Amino acid sequence: MTLSKIAGQFSFKGDCLDIKPFGNGHINDTYVALCSTSEGDVRYILQRLNSRVFPNPIQLMDNMVAVTEFLRKKILADGGDPDRECLCLVRTLDGKNYYVDDNSDVWRATKFIENTQTYLVAEDREMFADAGRAFGQMLSRLADFDASKLHDVIPNFHNTMSRYDALHKAAKADKLGRLEGAREEFNFAVEHSYLCPVIVDALGCGAIPLRVTHNDTKLNNVLIDSSTKRAVCVIDLDTVMSGSLLYDFGDAIRVGCSTAEEDERDLTKVDFDIDNFDAFTRGYISGAGSSITHEEAELMPISAVILTYECGMRFLTDYLDGDNYFKTAYPEHNLVRCRTQFKQARLMLDRIEEMKNIVHKYS
Ligand code: ADP
Ligand code: GN1
Ligand code: MG
C-alpha cells in the first residue's frame, strides 16, 4: 500500500500534498504528512510501528490511548494546553486509533506539534533542565494511573540482568563472526556485570517502588519549543509501562550529559558534562515533586551508569546478532554506538562522588 493510501485512512483535514520521512528514531518508521486546508497547511505525524520490536502493537496502542487520555485531563486540570503538551492521536475514517494495513503492519497518526524540534545532544543547559522538569512532571502526573491497566509491551525492557544474559547468548552464537572484533567491548560488559542486579534487586526486595514510567527518556523524545527552547511535550509513549523512576532518570542522563551524539566515531569527542547532570537533576527533582524516596535518590547517580552500560550492551548484542533491532546505516553502526555508551559509563563512574553530591543538593 502506498503512503498516500495509508494517509487516506486517517481523518486528516484537507488534501494530503506530501509525505516524507521525519525524525531520528531508531525504532518506528516516522513520516510527516502535509495537508492543505482552506485555513492553511496542517501537518501530521504518521508512523508504522516496528512489528519486530513490538510484537503486540494493538496492546501498545491500548496503552497509548489510556495514557494520553489520562494525561490530557491532568494537563487541563493544571491549566495547561493538552493539544500542545500531550500527543493527540488522529482517528481513522472508521473511528479507530490505528490502521492495520495489508501486511498486518499497524499505523498511527498524531497531530504534529508545531514550532518544536528535537535534539540529539543538549545544546542549552536550561533546555536540558527543562526536559528534566517535563519527564519528572510526567512521572508525577502518572502517579495515580492504575498500572494494572497497562500491558507489558516489552517484558524485562530495563532488566539489566536479562540484557546481560542476552549479550552472552548473542556472543555464544556469534552468528556473523563479529565477536573477535568486539572483544574489548564484550570484556567491558563482563568486567562491569556487578552493575546488573542493582536496580533489579532494589525493585525485587521492595526497597524502591514500581511506578508508571516512560522508559525511553532520551532527549529526542521530548519536543522543545523552537522559540523559547523549553520542553513542550514528552513523546514516544510506546514503552510507557510499570518500571522504576531510575530507568527514566538514568536513561535521560545517558543521552543528555554526553557531549557527542550516540553514534560518534571519534571517542575523543565523547565527554560527560557534569553541569548538564546538575541541570537535569534539578529539573527532574522539581518536576517529580516530593514523591522521590530516599532510596531512589541514593541510587540516582549509579542509575545513570547502569542505564548507559545497559544501552551499550543492547547495541553490542544487536551488533553480534546481525543488527535486527535498532535501525543502522552501516555495518559497524551498533558497535560504534556501543563504544560511546561504554566510554560514557566509564566517565560517569569516575565522577560518581560528584554526582552523589549534586543529587543530595537537590533532594
Ligand atoms: P521512535 O520510536 O522511532 O523513536 P518517535 O515516536 O520518537 O519514534 O518519533 C520519531 C521522531 O518524530 C521524534 O524524535 C520527533 O522528532 C518526531 N515526532 C514524533 N511525534 C511528533 C509530533 N506529534 N510532533 C512533532 N514531531 C514529532
Ligand atoms: C530506541 O525509539 P527510540 O529511538 O526513541 C530504544 C531505546 C534506546 C534508544 C537508544 C523501544 O529509542 O530503548 O535506549 O533507541 N527504544 C526501544 O538510542 O527499544
Ligand atoms: Mg523516539
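For the structure given in this document, a descriptive report is provided here. All values reported here derive from a predicted model rather than from experimental measurement. (Residues numbered from 1 in each chain as written. Chains lettered and ligands numbered in written order. Predicted model: local features only at pLDDT ≥ 70, side-chain atom pairs only at ≥ 80, totals over all residues. Heavy atoms only, no water.)

1. Side note on the layout of surface pockets
What counts, and what does not: With a 1 Å grid laid over protein atoms only, a set of points is called a cavity when a 1.4 Å probe fits there but cannot get out and a pocket when it is open yet has protein on both sides within 12 Å along at least five of seven lines; lining residues have an atom within 4 Å of a point. Grid points are joined across faces, edges and corners, and a volume is the space filled by probe spheres set on the points. The secondary structure listing takes helices from DSSP runs of H or I that are at least 4 residues long and strands from runs of E that are at least 2 residues long, numbered from the N terminus.
Within this model, the largest pocket holds a volume of roughly 850 Å³. Taken together, 48 residues make up the lining of the largest pocket; nearest its centre are G25, N220, N221, I235 and D236. Only β3 (40–48), β5 (106–111), β6 (116–117), α8 (245–256) and α10 (294–321) provide two or more residues apiece to the lining of the largest pocket. Of all the elements, α10 adds the most residues to the lining of the largest pocket, at five residues.

2. A closer look at the sheet that holds strand β8 (residues 222–225)
This is how it is decided: In this scheme, strands are said to pair when DSSP sees at least two bridges between them.
A sheet is described by the order of its strands in space; here three strands give the open sequence β6-β8-β9, paired in antiparallel fashion. The strands lining the two open edges of the sheet, one partner per strand, are β6 and β9 (231–234). Inspection of the sheet shows β6 paired to β8 by two bridges, in the antiparallel sense. Residue pairing in the sheet places Q117 in a bridge with I224 of β8.

3. Thoughts on the side chain of T160
Let me state the cut-off plainly: To sort residues, take the accessible area from a 1.4 Å probe on protein chains only and compare it with the maximum for the residue type: under 20% means buried, over 50% means exposed, and anything in between is partly exposed. Within 3.5 Å is the distance limit for a polar contact, defined as a pair of N or O atoms, with the added protein rule that one can donate a hydrogen and the other accept it, and that residues adjacent in sequence qualify only through two side-chain atoms. Note on definitions: a residue-residue contact is assigned when non-hydrogen atoms from the two residues lie within 4.5 Å.
With respect to the secondary-structure elements, T160 resides in helix α5 (residues 160–173). For T160, a relative accessible area of 1% gives the class buried. One polar contact links T160 to E310, side chain to side chain, over a distance of 3.0 Å. In contact with T160, other than residues within four places in its own chain, are C196, V200, I306, Y309, E310 and M313.

4. Here we look at the coordination of the magnesium ion (ligand 3)
Short version of the rule: Distances decide who is a donor: an N, O or S atom must be within 2.8 Å of the metal, or within 3.2 Å for Na, K and Ca. Water is not included, so sites may look incomplete.
In this structure, N221 (OD1) and D236 (OD) serve as the protein donors to the magnesium ion (ligand 3), at separations of 2.2 Å. Residue N221 is located in the loop between β7 (211–213) and β8, and its partner D236 is located in the loop between β9 and β10 (241–243); the two are separated by 15 residues in the primary sequence.

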